[in-house]
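# Structure assessment
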Amino acid sequence: MPELPEVETIVLELQQLIVEHIIRDVTIRESKLIAFPDKREFLTLIKDSLIEDVSRRGKYILIKLSEGLTMVIHLRMTGRLLVLPAEMGYDKHTHIIFHLDNGLDLRFHNLRKFGRIYLVKDNQWVEAGNLTGLGPEPLSDDFTLDKFKEILKRRKTNIKALLLKQDFIAGLGNIYTDEALFEAGILPHKRADELTDIEIEKLYRAIRVVLKKAIEYGGTTFSDYRNVQNKMGFFQNELMVYKREGKKCYRCGTEIAKERVASRGTHYCPGCQK
DNA sequence: CGAGGTACCTGACAGC
DNA sequence: TGCTGTCAGGTACCTC
């Protein structure tokens, strides 16, 4: 479910709520969500760790702990990270509970159980789901127009599939790929190496504009996404094409279309996107 | 490298 | 009501 803006929203909130606190204990109700190391070692390592910092790389949440440990969390489709009072009840989809020293729990809620947690020492990113293989952060300075242009010109695949590849650019998922392509006026089926310089520049800007705006709105909630207080985002009201098939384009009035591109449900405006 | 499929899970929703 | 099929913010892994 969550893409870069949702993960960023969660990270900003976690920085306020859990940093400087200690993980007193952990309740593991579904151990398959602990990808590395095994349950026993995970518990031994993490107990009494101090949470020093929370950050993000692509869609991965990085929780820096004392003793050089980092807990890496990926929410996949339906994961939630919640920070709630320990006395508050929880449902059957709450699979891992970190009990903090301030009377709050950090809870990993995950309806479809696709999410994963890795606990790594120093920078063992290899076991942590290949963070080293991620592409540039679209909102950072090292994501430049020149680099973007250079890579696009060498790829024959359709632009939608390319934007979804995390080793090409980190953080975009199905919603924001569709939204950015609309914003840039480019059809999702278009081959990457056939985009003009002007189209590439429009796309480059569109990606950054759409992501930044979505972060300001606290992400998009259709069904599962919630922030750490278990509240919905607001960007679903701002979407131009995603989940708007059959409805009129806000810009030109054409009916928004939906079809499968890159094996994903893909929304676009046949009027605005060429 | 590219394209397509499957698998992992649970639930919502449409259609019969 | 209830059954069946499809779809879902993701990604790893497999084959051709």
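Residues numbered from 1 in each chain as written. Chains lettered and ligands numbered in written order. Predicted model: local features only at pLDDT ≥ 70, side-chain atom pairs only at ≥ 80, totals over all residues. Heavy atoms only, no water.

### Brief notes about the overall build of chain A
Definition in use: In this text, helices come from DSSP runs of H or I with a minimum length of four residues, and strands from runs of E with a minimum of two, each type numbered from the N-terminal end. The size measure is the radius of gyration over C-alpha atoms, and the globule rule it meets is 2.2 Å times the number of residues to the 0.38 power. Think of it in three bands: residues with accessible area under 20% of the maximum for their type are buried, residues over 50% are exposed, and the middle band is partly exposed, with areas taken using a 1.4 Å probe on protein chains only. Two residues qualify as a contact provided that any one of their heavy atoms is within 4.5 Å of a heavy atom in the partner residue. Surface exposure here means Shrake-Rupley accessible area, sampled with a 1.4 Å probe, where a residue is shielded only by the protein chains that are shown. In this count, Lys and Arg are taken as positive residues and Asp and Glu as negative ones, while His and the chain termini are left out. Taken as the charge location is NZ of Lys, CZ of Arg, CG of Asp or CD of Glu.
For chain A, the count of helices and strands is six helices and eleven strands. The C-alpha radius of gyration computed for chain A amounts to 20 Å, which stays within 12% of the reference 19 Å derived for 274 residues, consistent with globular compactness. C-alpha atoms of chain A, sized along the principal axes, occupy 55 × 35 × 30 Å. Residues counted as buried form 53% of the 274 residues belonging to chain A. Considering only contacts within chain A whose residues lie at least 6 apart along the sequence, 64% involve residues at least 24 apart. Carbon and sulfur atoms make up 47% of the accessible area of chain A, which amounts to about 12600 Å² in all. Chain A carries 44 positive and 39 negative side-chain charges, and their two centres are separated by 6 Å.

### Here we look at the pattern of salt bridges
Our working rule: Any carboxyl oxygen of Asp or Glu that lies within 4 Å of a side-chain nitrogen of Lys or Arg is treated as forming a salt bridge with it.
For the coordinates displayed, the defined rule picks out 17 salt bridges. Between Glu137 and Arg57 there is a salt bridge; the shortest N-O distance is 2.9 Å. Placement of the pair is Glu137 in the loop between strand 9 (116-121) and helix 3 (145-153) and Arg57 in strand 3 (residues 51-57), with a sequence separation of 80 residues. A salt bridge links Glu245 to Lys258, with the nearest nitrogen and oxygen atoms 3.9 Å apart. Taken as a pair, Glu245 in the loop between helix 6 (197-216) and strand 10 (257-261) and Lys258 in strand 10 lie far apart in primary sequence, 13 residues in all. Assessed through its relative accessible area of 33%, Glu245 is described here as partly exposed. With relative accessibility at 44%, the residue Lys258 sits in the partly exposed group. Each member of the salt-bridge network shares a partner with another, and the members are Glu8, Arg56, Arg57 and Glu137.

### Here we look at helix 1 (residues 4-17)
Our working definition: In a helix, the anticipated span is given by 1.5 Å times the number of residues less one.
Compared with the 20 Å implied by 1.5 Å per residue over 14 residues, the 20 Å span of helix 1 between its first and last C-alpha is a close match. The element helix 1 is extensively covered by neighbouring structure, given that ten of its 14 residues are classed as buried. Residues of helix 1 that are buried include every one of Leu4, Pro5, Glu6, Val7, Glu8, Thr9, Ile10, Val11, Glu13 and Leu14, and no others. The inward-facing, buried residues of helix 1 abut strand 3, strand 4 (60-65), strand 6 (79-85), strand 8 (104-110), helix 5 (174-184) and helix 6.

### Describing the nonpolar core
This is how it is decided: Residues belong to a common nonpolar core when they are buried Ala, Val, Leu, Ile, Met, Phe, Trp, Tyr or Cys residues joined through side-chain atoms within 4.5 Å.
Counting residues in each nonpolar core, the largest one holds 34 residues, and the members touching the most others are Leu14, Phe42, Ile61, Ile63, Met71 and Phe98. The element that contributes the greatest number of residues to this core is helix 1, accounting for four residues. For Phe42, the residues in contact, after removing those within four places along its chain, are Val26, Ile28, Ile34, Phe36, Pro37, Met71, Phe98, Ile117 and Leu119. In terms of nonpolar packing, the next biggest core, distinct from the first, is built from 30 residues, Phe143, Leu163, Tyr204 and Leu239 among them.

### Quick look at the state of the cysteines
Quick reminder of the rule: Disulfide: a pair of cysteine sulfur atoms within 2.5 Å of each other.
If you walk through the whole model with that rule in mind, you get zero disulfides. Free cysteine Cys272: the closest other cysteine sulfur is in Cys249, separated by 3.7 Å.

### Here's the deal with the protein's contact with DNA strand B
Rules: Consider each residue's heavy atoms; a residue with any of them within 4 Å of a molecule or strand counts as near. We call two N or O atoms a polar contact when they sit within 3.5 Å, provided that within protein one can donate a hydrogen and the other can accept it, with sequence-adjacent residues counted only if both atoms are side-chain atoms.
In the vicinity of DNA strand B, the contacting residues are Lys32, Lys92, His93, Leu111, Arg112, Lys113, Phe114, Arg155, Lys156 and Thr157. Take the atoms of DNA strand B that sit within 4 Å of the protein: sugar and phosphate atoms are 71% of them. In this structure, Arg112 approaches DNA strand B through a side-chain N or O atom, which is 2.7 Å from a base oxygen. Note that a phosphate oxygen of DNA strand B is positioned 3.1 Å from one of the side-chain N or O atoms of Lys113.

### A look at the packing of aromatic side chains
Here is the rule: Ring geometry is summarised as follows: Phe, Tyr and Trp rings, the Trp one being its six-membered ring, pair when their centres sit within 6.5 Å, and such pairs are stacked at plane angles under 30 degrees, edge-to-face over 60 and tilted between the two. Both a distance and an angle decide whether a charge sits over a ring: NZ of Lys or CZ of Arg must be within 6 Å of the ring centre and within 35 degrees of the ring normal.
In this structure the tally under the stated criterion is seven aromatic pairs. An aromatic cluster is present here, built from Phe143, Phe148, Phe168 and Tyr204 joined pairwise through their rings. In this arrangement the basic side chain of Arg244 is found over the ring face of Tyr250, its NZ or CZ atom lying 3.8 Å from the centre.

### Considerations on the sheet that holds strand 3
Applied cut-off: Pairing between strands is defined by DSSP: at least two bridges between the two strands are required. Interaxial angle, 0 to 180 degrees, is taken between N-to-C directions of lines fitted to C-alpha atoms, where a helix line uses only the stretch in contact.
Here five strands make up an open sheet; going across it, the order is 2-9-5-4-3 and the pairing mixed. Looking at which strands have only one partner, the edges of the open sheet turn out to be strand 2 (34-36) and strand 3. Pairwise comparison of adjacent strand axes, ignoring direction, gives a mean angle of 25° for this sheet. With six bridges connecting them, strand 5 (residues 69-74) and strand 9 associate as antiparallel partners. Bridge pairing in strand 9 links Val72 to Tyr118. Contacts from helix 1 reach strand 3 and strand 4, with the element oriented near 165° to strand 3. Of the strands in this sheet, strand 2, strand 4, strand 5 and strand 9 touch helix 2 (residues 39-46), which is tilted by about 60° from strand 9.

Any functional reading would require information beyond the geometric quantities listed.
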